[in-house]
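The lines below spell out each chain.
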Amino acid sequence: MSKRDFLAMEEWSPEAIDHLLALAVRCKRGEIEGGLVKKVLAMVFMDPSLRTRASMETAMFLHGGHALNLEPGKGSWALETELDTVMDGATVEHIIEMARVLGRYADALAVRSFPKGTDWAVEREDRTIRNFARYCDKPVINLESSRRHPCQGLADALTIREHLGETARKRFVLMWAWHPKALPTAVPASAAIAAAHLGMEITIARPAGYDLDPDDYRAIESLAKGRGGSLQVTDDLAGAIAGAHVVYPKSWGSLLHFGTPDAERSLREGKRDWRLTQPRMGTTAGGRGIAMHCLPVRRNVEIDGEVLDGPNSAVIDEAENRLHVQRALMLELIGDRNGY
Amino acid sequence: MSKRDFLAMEEWSPEAIDHLLALAVRCKRGEIEGGLVKKVLAMVFMDPSLRTRASMETAMFLHGGHALNLEPGKGSWALETELDTVMDGATVEHIIEMARVLGRYADALAVRSFPKGTDWAVEREDRTIRNFARYCDKPVINLESSRRHPCQGLADALTIREHLGETARKRFVLMWAWHPKALPTAVPASAAIAAAHLGMEITIARPAGYDLDPDDYRAIESLAKGRGGSLQVTDDLAGAIAGAHVVYPKSWGSLLHFGTPDAERSLREGKRDWRLTQPRMGTTAGGRGIAMHCLPVRRNVEIDGEVLDGPNSAVIDEAENRLHVQRALMLELIGDRNGY
Amino acid sequence: MSKRDFLAMEEWSPEAIDHLLALAVRCKRGEIEGGLVKKVLAMVFMDPSLRTRASMETAMFLHGGHALNLEPGKGSWALETELDTVMDGATVEHIIEMARVLGRYADALAVRSFPKGTDWAVEREDRTIRNFARYCDKPVINLESSRRHPCQGLADALTIREHLGETARKRFVLMWAWHPKALPTAVPASAAIAAAHLGMEITIARPAGYDLDPDDYRAIESLAKGRGGSLQVTDDLAGAIAGAHVVYPKSWGSLLHFGTPDAERSLREGKRDWRLTQPRMGTTAGGRGIAMHCLPVRRNVEIDGEVLDGPNSAVIDEAENRLHVQRALMLELIGDRNGY
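## Considering the overall build of chain A
Working step 1: In terms of helices and strands, chain A carries 13 helices and 11 strands.
Working step 2: In terms of overall size, chain A behaves like a compact globule, its C-alpha atoms giving a radius of gyration of 20 Å where 340 residues would be expected to give roughly 20 Å.
Working step 3: If one aligns the C-alpha atoms of chain A with their principal axes, the spans along those axes are about 55 × 50 × 35 Å.
Working step 4: Taking all 340 residues of chain A together, the buried fraction comes to 61%.
Working step 5: Put simply, of all contacts in chain A between residues at least 6 apart along the chain, 80% involve residues at least 24 apart.

Shown next as structure tokens:
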């Protein structure tokens, strides 16, 4: 039997995702003991993390396992991710050896690696996470790569189900938000894929120039249609939010100007009003639509403090659900199947 | 029932502190097994740590629990601690979300956050630790804030009791020491509060301009009097040490010049003789007074190596006791009350 | 009974090393459960690590224990390693206090500390690891010091035995390799000592000016002869590799120019052909000699990718064996002797 990786939600069958989400619910209810005794997860963080690290480490611990927290270039050796290279420069450790060695110590490998912001044609291939998966004999889990953040997507899906109950034909709005920096598209793409999995009517509201990668649109639309939902893209923010059940504000940089930050900054300028405010939340379905965000969030920049602290906010539940979906994921990938 | 934080020793009743110290003694004797199984402590270090981190992580492990070690601005996102702010600058994560989210993953939250050294009028409010406590649903533990280091205080109290037996009416000297930097006042204030809890006769020996905050003096004196002790402040170092049972040298910066390091440095100049030497230890009660320090200590600057390595030194016992008081504290705050 | 440190393989008797290696084989086969329950290992990393940290943390966890990961100067205080000093400079914590305090929290202390590259006459005394051992009451384990990397040596010995079976009179070649930086000699010395322990015929192939420390040559030769093997040193790389059973390429800087990097770089120049290639591997015994390396390795600089990815490579097994020899080492040093 070949090993199973978790690199993108849409690469697993909808049935497998639903099974995971059901297992996450049982974890959250405290119904599952053990399952990861003596199991080790090696986590490789090439970029910062709070929730991901804390929730994964806690997930492993709660079921009897242990998570290693490795940071190449800080406590660990600077990592080379290009396959064919003569390593006479600054990098010290090659991804091939790292993937192979960690596969000998650990039962699974989890990797966070953000895009470097230079060339989208390269970054869109998501080579780092895919090369870890290629060279490691054990399951590889994506903790946010250039293209996807599927653990976040799982938590998003669980949170929406908890708050909305039935999700079919309900309206999910992914809303571009202004931010002082050009951020990656992994989270917005993954959030929309989560909504697509739930069969929701998805609207992506973004200013001109801020489309996700065409492949992302295809993946979202194809999954949504297969599950009874739909996708539309608009620059009419007010129209999108009106009557929405979920509003998911998130900033990302323009892929048109991926390697040229000055041009991107010019395009972003003057768009600070793309921000989730309480008046806007008031126009959601019954005024009771939920506001979501992966966190960390820039208060009063992406979302007003009033929304974050108010009754519409689901962001803390969403963060908590990272823990439970990851417990389910680890049990599914490397669990010993006793006790659950 | 509302949650219980441990932010400052004097905020707990003397009975509750005595109960903790008694539990710490039982932990040290090896009488208590388990009690923290499946419990998670999230530790947030905004500043460096050796003993605190190692002892807390060990404390959780020895009783079946686990400690997360998070470092905002290094492995984690840069933290915003101001409540009302538009986050369009360098900080990425807000304290409100961090406190709330970690309260979902962990059973308790422990925070180290030193003062920034700019404005004592602000720092003396100890906002960072208090805001973590305000926004986190779980118990919050102070691992050294701008004003207090109560885990150190607990260890100090236990160490003094172990070495002196009866403490009432014995003499405790908090001695200002020279140091190349202007350090915070949290440790000296907490050490004196610990001695006050023990009903000791406290002398604070410091050069002019090096008083602790007036609130600290009030807290120390009020607690000391309530427990049968007293407080006096002097610049007569030799007189203070003569006949003392405990000498606790510690450096701190002048609060008169808190935001003005050049002025503070001028005031500190020429005071290198404020250093604990073996001849000075010879003048303590029976020549057998104990020397204490929270560590890390600058050898031959705050305390001579001869004292640190000699028979009067209690500094290693004091560091060890961090472990045992924190075992007791965690059992008290989040323990499952089985087995002890 | 005095405590037992593991600072250099040749300081333990050959019988004790053979006992360790036999225990490592049993660990690898999964024959040993527990043994380190409630045991704590404090790991101090003054330099980066991937394998060492991941394998040690995993080793402790698999047997019920826990490893603390401390990094002086990063999360922990900057460390002073000179014994007699007035600490009024940049360092904050003294090695004496650190060693003593960690000995109170943990059951053993493990330390990584590379040479600083200024003065070999000082570095060759290996003071940092030896001072930790001197001042800590608990067993101290060398995770790579200026002179030795004995955990790597143990893994090297186990790997050679696994691949070669009988090792007596088989040929081991330690081959100097070019590298963009002048690296320490701890690994090559320790690898040759491991081969000496196995009674192999050792050839060290290096260009003029790249001898190991004379003490290392003496230690290798003395141990090799005692175990039925031998040592020769040559600059004839092709002659050395021809018929070899093991080729261990490794770069190190010239000790002749230890504190003078420009001179060292000049001497290293033009030696990029000192690289392990597949054609060279073809000349080994039966074309089936094994290639070893401690990792991290510079691909296509020290060893060609073709060799690393090919059937002669033992580097991943060698890295895996770090885990198993360290499990055995920790069981031997602090294990509770139940269950094995």
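## Notes on the relation of the copies chain C and chain A
Working step 1: Under the fitted operation, chain C is carried onto chain A by 0.0 Å of movement along the axis and a turn of 120°, and the coordinates agree to an RMSD of 0.0 Å. What the rotation and shift describe, once combined, is the action of a three-fold rotation axis. It is C:Lys74 whose C-alpha, among those of chain C, lies nearest the rotation axis, at 5.4 Å.

## A few points about the environment of A:Lys271
All names here are of chain A.
Working step 1: On the secondary structure map, Lys271 appears in the loop between helix 10 (261-268) and helix 11 (278-282).
Working step 2: Accessibility expressed as a C-beta count within 10 Å gives 17 for Lys271, which makes it partly exposed.
Working step 3: The spatial distance from the C-alpha of Lys271 to the C-alpha of Glu57 is 38 Å, given a sequence separation of 214 residues.
Working step 4: Setting aside chain neighbours within four positions, we find Lys271 in contact with Trp178 and Pro207.

## Concerning the domain arrangement of chain A
All names here are of chain A.
Working step 1: Once the domains are mapped, chain A shows domain 1 (9-148 + 322-334) and domain 2 (153-319).
Working step 2: Computed from C-alpha atoms alone, the centre-to-centre distance between domain 1 and domain 2 is 25 Å.
Working step 3: Elements that contribute at least two residues to the side of domain 1 that touches domain 2 include exactly helix 1 (14-28) and helix 13 (315-334).
Working step 4: Here the side of domain 1 that touches domain 2 gets five residues from one element, more than from any other, and that element is helix 1.
Working step 5: Split into classes, the residues belonging to the side of domain 1 that touches domain 2 amount to 11 nonpolar, five polar and eight charged.

## Concerning the interface of chain C and chain A
Working step 1: Counting residues at the interface gives 24 residues for chain C and 23 residues for chain A.
Working step 2: Those elements that place two or more of their residues in the side of chain C that touches chain A are helix 2 (51-62) and helix 13 (315-334) of chain C.
Working step 3: Counting residues per element, the side of chain C that touches chain A draws most heavily on helix 2 of chain C, which supplies seven residues.
Working step 4: Looking at the side of chain C that touches chain A residue by residue, the class counts come to 14 nonpolar, four polar and six charged.

What counts as what
Per-chain numbering applies: the sequence of each chain, read as written, is numbered from 1 onward. Lettering of chains starts at A and numbering of ligands starts at 1, both following the order in which they are written. Since the coordinates come from a predicted model, pLDDT governs what is reported: local features require at least 70, and pairs of side-chain atoms require 80 or more to be given and counted, while whole-chain, interface and lining totals use all residues. Going along the chain from the N terminus, every DSSP run of H or I of four or more residues is numbered as a helix, and every run of E of two or more is numbered as a strand. In this description the radius of gyration comes from C-alpha coordinates, and the expected globular size is given by 2.2 Å times residues to the power 0.38. For the exposure call, what matters is how many other C-beta atoms sit within 10 Å of a residue's own: 20 or more marks it buried, 12 or fewer exposed, and in between partly exposed, using C-beta atoms placed from the backbone. Two residues qualify as a contact pair if the distance between their C-beta atoms, derived from the backbone, is within 7 Å. Least squares is the method used to superpose the copies, on C-alpha atoms of residues holding a pLDDT of at least 70 in both. Domain delimitation in this document rests on an assignment produced automatically or drawn from a domain database. Put simply, Ala, Val, Leu, Ile, Met, Phe, Trp, Tyr, Cys and Pro go in the nonpolar bin, Asp, Glu, Lys and Arg in the charged bin, and everything else, Gly too, in the polar bin.

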